[in-house]
Amino acid sequence: MVEGVGGGNGGTTRRMSNPRLLESDQFIVDIPPTPPSKQPISSSFISLIIPFSSPSSLPSPALTTALIIGSWYFSNIGVLLLNKYLLTIYGYRYPIFLTTLHMLFCSAYSSAAIRFLGLVPLQQIVSRRQLLKIAALSAIFSASVVCGNTSLRYIPVSFNQAVGATTPFFTAVFSFLITCKKESFHVYLALLPVVLGIVVASNSEPLFHLFGFLVCLGSTAGRALKSVVQGIILTSEAEKLNSMNLLMYMAPMAAAMLLPVALYVERGVVGITIEKAKGDWFMVWLLIGNATVAYLVNLTNFLVTKHTSALTLQVLGNAKAAVAAVVSVLIFRNPVTVMGMTGFGVTIFGVVLYSEAKKRSSSSSSSRGSS
């Protein structure tokens, strides 16, 4: 699936053009949002969402923000449920090719949003070096999303979200290993319940599947690695890209990387898909809808951050994991245990503590730097 393709959680975050490491959720198509901007979204784009609207008839800023947050929840939870339905109940067991379709649609939609609707200004790739950096991010991103989608074939969405909530732990580990960046003691202490909770949840998961758990863990680690690498390789002012432009360049690269892998690993997938489509048009609309919602995950990530803040997105991401888990249990009726729910709750609590500790640590560092 593309967050996610991959599916995960933690706080959905940080995003593209910002070199700082902001931990995030694992959204299916896990492209971090751009830092908040005071620039309004173009009126043409608003008109697309609310047809026949004039500037005077547009909803109030508070209502607009509420609608965007509602759309963010709908798209994030929707893509998880659709991926789960496609890969298990419907029986379309081709997670790599499904991720490729997500990337192709994201490429087309993001190009249209930027080049024709003017959602954000078009940013150009300025050098071959920058192109290679984006390609490296695409490779990590692709692997993460494929792992996330594959995991949904074997484990419930609720357990997928519990594992995805450990993203901050992997981010802290990769940040230390790659950049030698050390966090404060309180930040590392807050990671203990994150790990403890997932251990308890794993031990108590009635539908635990070792391979599904491992690939979900790989997806979560991949999202964290992408955030760290992104903060390293796109740091210069000339190379910074907002999330929508980065997605526009990354998506076709990811599709080009995934397609040959899908054709080799999932042999005959194109022919099988065409044959299924001929006999069942519902599958065609299901694939199109699934890929469209996958793109909306990235678009709403961007819009929520634009209208609120990266911190708000992180808080919403923490809550989304719990909401997605509850909704998936109600829809798919997968069994849960009290200990499993407790473990998930401990992990989410740890993520909240971690976010707070990071915020205080950053504030302390800023205060010392300015004094």
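Nothing here was measured: the structure is a model prediction, and the numbers come from that model. (Residues numbered from 1 in each chain as written. Predicted model: local features only at pLDDT ≥ 70, side-chain atom pairs only at ≥ 80, totals over all residues. Heavy atoms only, no water.)

**Q** Would you mind showing me how to read the overall build of the protein chain here?
**A** Across its full length, the protein chain holds 13 helices and zero strands. What you see in the protein chain, going N to C, is helices and strands ordered as α-α-α-α-α-α-α-α-α-α-α-α-α. Here the protein chain holds 371 residues, and 54% of them are scored as buried. Only carbon and sulfur atoms are counted for the fraction: they give 70% of the accessible area of the protein chain, which is about 15,700 Å². (Helix = DSSP H or I, 4+ residues; strand = E, 2+ residues; numbered from the N terminus. Buried < 20%, exposed > 50% of the residue type's maximum accessible area, 1.4 Å probe, protein only. Areas by Shrake-Rupley, 256 points an atom, 1.4 Å probe, with all protein chains shown as cover.)

**Q** How should I be thinking about the packing of aromatic side chains in this particular structure?
**A** The description of an aromatic ring pair uses the distance of the two centres, along with the angle that the planes make with each other. Evaluated as defined, the whole model comprises 11 aromatic pairs. Ring geometry for Tyr-92 versus Tyr-94: centroids 5.1 Å apart, planes at 75 degrees, classification edge-to-face. Following the ring pairs from residue to residue traces out a cluster consisting of Tyr-85, Tyr-90 and Phe-282. Across the ring face of Tyr-264, the terminal group of Arg-267 is positioned such that the distance to the ring centre comes to 4.6 Å. (Phe/Tyr/Trp six-rings, centres within 6.5 Å; stacked < 30°, edge-to-face > 60°. Lys NZ or Arg CZ within 6 Å of the ring centre and 35° of its normal.)

**Q** What's the story with helix α3 (residues 95-115) in this structure? I'm lost.
**A** Residues spaced three or four apart along an α-helix face the same direction, because each turn holds 3.6 residues. Taking 1.5 Å per residue, 21 residues should reach 30 Å; α3 reaches 30 Å between its end C-alpha atoms and fits that length. A large share of α3 lies buried, amounting to 15 of its 21 residues. (Expected span 1.5 Å × (residues − 1).)

**Q** How do you make sense of the environment of Ala-291 when you look at a structure like this?
**A** As for its placement among the helices and strands, Ala-291 is situated in helix α11 (residues 281-307). A relative accessible area of 0% places Ala-291 in the buried class. Distance from Ala-291 to Val-79, taken between C-alpha atoms, is 8.2 Å for residues 212 residues apart in sequence. Once you skip the residues sitting within four places of it in the chain, Ala-291 turns out to touch Leu-101, His-102 and Phe-105. (Contact = heavy atoms within 4.5 Å.)

**Q** What exactly am I supposed to notice about a nonpolar patch on the surface here?
**A** On the surface, Val-173, Phe-176, Leu-177, Ile-178, Tyr-188 and Ile-232 cluster together into a nonpolar patch covering about 490 Å² of accessible area. The leading source of residues in the nonpolar patch is helix α6 (residues 167-179), at four residues. The residue Leu-177 is located in helix α6 in this model. Judged by relative accessible area, which is 57%, Leu-177 ranks as exposed. (Patch = residues over 30% accessible without salt bridge, like charges linked within 9 Å, V, L, I, M, F, W, Y side chains within 5 Å. Salt bridge = Lys/Arg side-chain N within 4 Å of Asp/Glu carboxyl O.)

**Q** Just to check I follow, could you spell out the nonpolar core for this structure?
**A** Core analysis: the biggest nonpolar cluster contains 58 residues, and Tyr-92, Phe-97, Leu-119, Ile-134, Met-244, Leu-287 and Tyr-295 have the highest contact counts within it. Contributions of two or more residues to this core are made by α2 (61-89), α3, α4 (128-151), α8 (210-233), α9 (243-265), α10 (269-279), α11 and α12 (310-332). For this core, the element with the most residues is α9, which contributes 12 residues. Excluding residues that lie within four positions of it along the chain, Leu-287 makes contacts with Leu-86, Tyr-92, Leu-98, Leu-101 and Thr-273. Ala-165, Leu-191, Ile-348 and Tyr-354 belong to the second-largest nonpolar core, a separate cluster that totals 21 residues. (Core = buried A, V, L, I, M, F, W, Y, C linked by side-chain atoms within 4.5 Å.)

**Q** So what exactly am I meant to see when it comes to the packing of α3 against α4 here?
**A** Each packed pair of helices is defined by two parameters, the angle between the axes and the distance between the axes. Between α3 and α4, whose axes approach to 9 Å, the crossing angle comes to 125 degrees. On the basis of the axis angle, α3 is oblique to α4. Relative to α4, the crossing made by α3 is right-handed. Here Pro-95, Ile-96, Thr-99, His-102 and Met-103 of α3 lie close against α4, whose contacting residues are Phe-141, Val-145, Val-146, Asn-149 and Thr-150. By residue class, the composition of the contact of α3 with α4 is six nonpolar, four polar and no charged. (Axes fitted to C-alpha atoms, helices over the stretch in contact; angles between N-to-C directions. Parallel < 35°, antiparallel > 145°, perpendicular 65-115°, else oblique. Left-handed = near helix turned anticlockwise from the far one by under 90°. Nonpolar A, V, L, I, M, F, W, Y, C, P; charged D, E, K, R; others polar.)

**Q** Explanation requested: the pattern of salt bridges in the structure shown.
**A** One side chain can pair with another of opposite charge once the charged atoms of both are near each other. Going through the model one piece at a time under the given rule, you end up with six salt bridges. The residue Glu-183 makes a salt bridge to Lys-358 at a minimum N-O spacing of 2.9 Å. Pair noted here: Glu-183 is in the loop between α6 and α7 (185-204) and Lys-358 is in helix α13 (residues 338-370), with a separation of 175 residues, a long-range link. By relative accessible area, Lys-358 is classed as buried at 12%.

As far as function goes, none of this settles anything; it's purely spatial.
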